[in-house]
Amino acid sequence: MRVIWIIDNKYRELYGLYDLKKKLLEHKIKLYLFHIPVWKSAIDFVNPHIVVVPNLAKSSCAPIVEYASKKKINVFMHSSEGMFYTDEVQEDKYPIRLIKKINKVLVWSKLDAKFLIKKGFKNKVIVSGSLKFDKKNYINKKQNNKKIKIIGIPTHSRVISGNGPSKNNIPYVIRNWIENHHDKAKVGYLKFEIEYIQCLVNILKVINKNFQVILKASPFENPNIYKITFPEFKIYQGDDIRDFLKKVDVILNVYSSTAVDALKFNIPVISITKFINWDKTVLADKNRGPMAKNGAGILSIQPKNIIELKKLLNKNKEELFRLCKNKNLLKKADELAYTCDTLDIFTNLFLKHQKKVSSKFFNYFMFLKYVAVEIRQFLFRRKRSNKLYKLWSYKDRKLLESFKLQ
C-alpha cells in the first residue's frame, strides 16, 4: 500500500513522520511526503491508496480532496495546526461539503471530535492527537526544583522581522491587507509587533542581570535583526521547539502555542499579554486573538505588570509550575492538544486499510511531469520555498530525521 502525506509547513508538520514512515515500511506500507504545489503530479505518479491532507482551505488542499475523491482515492484529513475550537473556527476548518468526501478525520482534540460528531460525522472521526505531542516525546521529561536562571521567549514578530514580502515593502503589505482582505485586525496585529518589541525593551530594564534570556526566532524570520536589536539575548536558531525548551527554565509568552509544548515538558509559562497596549481590532478577535477563551494564550500565569513579573521570576521553578498546576493549565493544554500514543493510532489505522485495498502500480509515464513541476517550482515559484518540504532535498530529509520522536 502507498500513502501520500501532503506537507504545508515542514517546521510544523514533520514531527514524528520519520518514525511513522519507518514503522509503516515494516508492514510494506510506503509513506511519501510531498509539498502542496506538486500535489497533482505527485498523485498521478505515485497512484496512492490514501492521501493525507493538512487542511481543507480553498486555496490550499480543497482541490486535492476533490481530485482524489474523483479518482476513488481514500482521503484522510489531519490538521496541520489546531488549538482553536470556537464554532466559527471549526466551521472554517471543517467545511461540511468536503468532510462528506473524506474517509477519516484525525483530530488533535476531543473538542474537534465533539464538533464533527454534532455535525453527523461520528463514523469518520478518530481522536488521534498529533505526532508532535505523542507521549513518547515526554518519557524523559524532568522537573527541577531550582532558581529561575534562563528565560525563554518565543518571538511574536513576523512582518517587521523579515517574513515574506515585508522584507522589502511593509507599506505594500499594509495596503494589501486593507484593500484585498478587508481585515482591519491584520493591521492591528502589525501594531502589536511594534508594541511587542517595546515590551521586550521594558522587560529588559527590570530583569536582573543574573538571568539569561534566550530568544527563539521563527524559521521565517531574519535572526540577525534580533541579534542587532537585542545583543543581550542569546538567539536560538534551531528548528526543533523541544531542543529550545530543554535549554530554558521558564517561558514568557503572549499567545503562542509554545505554551502547550512548554507545559507538557513541565516548564512554567508566564504571560506578558497584559503588558501590551492592544489595538481594539485585535481584542475583538475572540476566535484566535490574545484573549480567545480557549486558545493557548490563556495557558499561563498572568501578572498584571512588570513588577509582578519580576516577583514571579524570583521564585523557583517548582513554585511556578505549582502555580500552573493550581490553575489547571496542564489539563487545559491536553484539551487543546491531546497526548496519547499517536504513532500507534496512525499505524493501526493504515494497517486496517491495507487489508481492504487491492494492488496498484506506479504511473511511470507521469514521472517526468512530476520532475518538471518540481523544477518549475524551484526555479520560478520560490516565494514559499522556505517552508516547503522537498523530497529530493538532503537538508529536508535531515530535518525530517531530526524531528523524530524522542
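Just so we're clear, the structure is a prediction, and the values are computed from it rather than from any experiment. (Residues numbered from 1 in each chain as written. Predicted model: local features only at pLDDT ≥ 70, side-chain atom pairs only at ≥ 80, totals over all residues. Heavy atoms only, no water.)

Undergrad: Help me understand the overall build of the protein, please; the structure alone is not making it clear to me.
TA: Assigned secondary structure in the protein consists of 19 helices and eleven strands. The C-alpha atoms of the protein give a radius of gyration of 22 Å, which matches the 22 Å a tight globule of 406 residues would have. With respect to the principal axes defined by its C-alpha atoms, the protein has extents near 65 × 45 × 40 Å. With 406 residues in all, the protein has 53% of them scored as buried. Taking the intrachain contacts of the protein between residues at least 6 apart in sequence as the baseline, contacts between residues at least 24 apart amount to 74%. Positive and negative side-chain charges of the protein, numbering 78 and 36 respectively, have mean locations separated by a distance of 3 Å. (Helix = DSSP H or I, 4+ residues; strand = E, 2+ residues; numbered from the N terminus. Rg over C-alpha atoms; globule rule 2.2 N^0.38 Å. Buried < 20%, exposed > 50% of the residue type's maximum accessible area, 1.4 Å probe, protein only. Contact = heavy atoms within 4.5 Å. Lys, Arg positive; Asp, Glu negative; His and termini not counted. Charge placed at Lys NZ, Arg CZ, Asp CG, Glu CD.)

Undergrad: Which parts of the structure should I look at to understand a nonpolar patch on the surface?
TA: On the surface, Ile 375, Phe 378, Leu 379, Phe 380 and Trp 392 cluster together into a nonpolar patch covering about 560 Å² of accessible area. Within the fold, Trp 392 resides in the loop between helix H18 (367-380) and helix H19 (394-402). Overall, Trp 392 belongs to the partly exposed group, its relative accessible area being 42%. (Patch = residues over 30% accessible without salt bridge, like charges linked within 9 Å, V, L, I, M, F, W, Y side chains within 5 Å. Areas by Shrake-Rupley, 256 points an atom, 1.4 Å probe, with all protein chains shown as cover. Salt bridge = Lys/Arg side-chain N within 4 Å of Asp/Glu carboxyl O.)

Undergrad: Is there a simple way to explain the sheet that holds strand E7 (residues 150-154) in this structure?
TA: The strands making up a sheet are joined through hydrogen bonds of the backbone, oriented either antiparallel or parallel. Pairing is parallel in the open sheet, where five strands are placed in the order E9-E8-E7-E10-E11. Across the chains shown, the open sheet's two edge strands, defined by having one partner strand only, are strand E9 (234-236) and strand E11 (269-271). For this sheet the average axis-to-axis angle between neighbouring strands, irrespective of direction, equals 30°. Two strands pair when backbone bridges link them, and E7 and strand E8 (residues 212-216) are joined in this way by five bridges, in the parallel orientation. From the neighbouring strand, Ile 151 faces E8, where its bridge partner is Val 213. Most of the contacts of helix H14 (residues 306-313) go to E11, to which it runs at about 170°, and overall it touches E7, strand E10 (250-253) and E11. (Pairing = 2+ DSSP bridges. Axes fitted to C-alpha atoms, helices over the stretch in contact; angles between N-to-C directions.)

Undergrad: Where do I start with the nonpolar core in this structure?
TA: Within soluble globular proteins, side chains that are nonpolar tend to cluster in buried spots. In terms of nonpolar packing, the biggest core is built from 90 residues, with Trp 5, Leu 20, Ile 151 and Phe 350 touching the most fellow members. For this core, the element with the highest residue contribution is helix H9 (residues 184-206), accounting for seven residues. Setting aside its immediate chain neighbours within four residues, Phe 350 contacts Met 1, Val 3, Trp 5, Leu 20, Leu 24, Ile 29, Ile 50, Val 52 and Phe 76. Within the second largest apolar cluster, 36 residues are counted, among which are Leu 56, Tyr 94, Ile 99 and Ala 113. (Core = buried A, V, L, I, M, F, W, Y, C linked by side-chain atoms within 4.5 Å.)

Undergrad: Please explain the pattern of salt bridges as it appears in this structure.
TA: Working definition: two side chains of opposite charge can pair if their charged atoms are close together. In this structure the tally under the stated criterion is 22 salt bridges. Put simply, Asp 261 and Lys 132 hold a salt bridge, and the shortest N to O gap is 3.3 Å. Of this pair, Asp 261 sits in helix H12 (residues 258-264) while Lys 132 is found in the loop between strand E6 (125-127) and E7, placing the two residues 129 residues apart along the sequence. Taking relative accessible area as the criterion, Lys 132 reaches 18% and is therefore assigned buried. Residues Lys 264 and Asp 334 are paired through a salt bridge, measuring 2.8 Å at the closest nitrogen-oxygen approach. Separated by 70 residues along the polypeptide, Lys 264 in helix H12 and Asp 334 in helix H16 (residues 329-336) bring together distant segments of the chain. In this structure Asp 334 comes out as partly exposed when scored by relative accessible area, which is 26%. Three or more residues are tied together by salt bridges with common partners; here these are Asp 8, Arg 12, Glu 13, Glu 81 and Lys 387.

Undergrad: Quick question: what am I supposed to make of the pairing of strand E4 (residues 74-78) here?
TA: Within a regular beta strand, the side chains point alternately toward one face of the sheet and then the other, so they alternate between its two faces. Counted residue by residue, E4 has five buried out of five residues, so it is predominantly covered. Burial along E4 is two-sided: Asn 74, Phe 76 and His 78 facing one way and Val 75 and Met 77 facing the other are all buried. The sheet contact formed by strand E3 (residues 50-53) and E4 spans four bridges and is parallel. If you follow Val 53 over to E4, its bridge partner there is Met 77. Chirality of the crossover, the property in question, places the unit of E3, helix H4 (residues 62-70) and E4 among those that are right-handed. Sheet topology places E4 next to strand E5 (residues 104-107); three bridges connect them, and they run parallel. Across the sheet, the residue bridging to Phe 76 is Lys 104, located in E5. (Right-handed = clockwise from strand over helix to strand, strands pointing away.)

Undergrad: Sorry, what's going on with helix H3 (residues 39-46) here?
TA: A turn of α-helix holds 3.6 residues, and therefore any two residues three or four places apart point the same way. Among the eight residues of H3, seven are classified as buried, and the element is accordingly described as predominantly covered. Among the residues of H3, those classed as buried are Trp 39, Ser 41, Ala 42, Ile 43, Asp 44, Phe 45 and Val 46. The inward-facing, buried residues of H3 abut strand E1 (2-7), strand E2 (30-35), E3, H4 and H18. Positioned one or two residues after H3, Asn 47 has a phi angle of 55°, which is positive.

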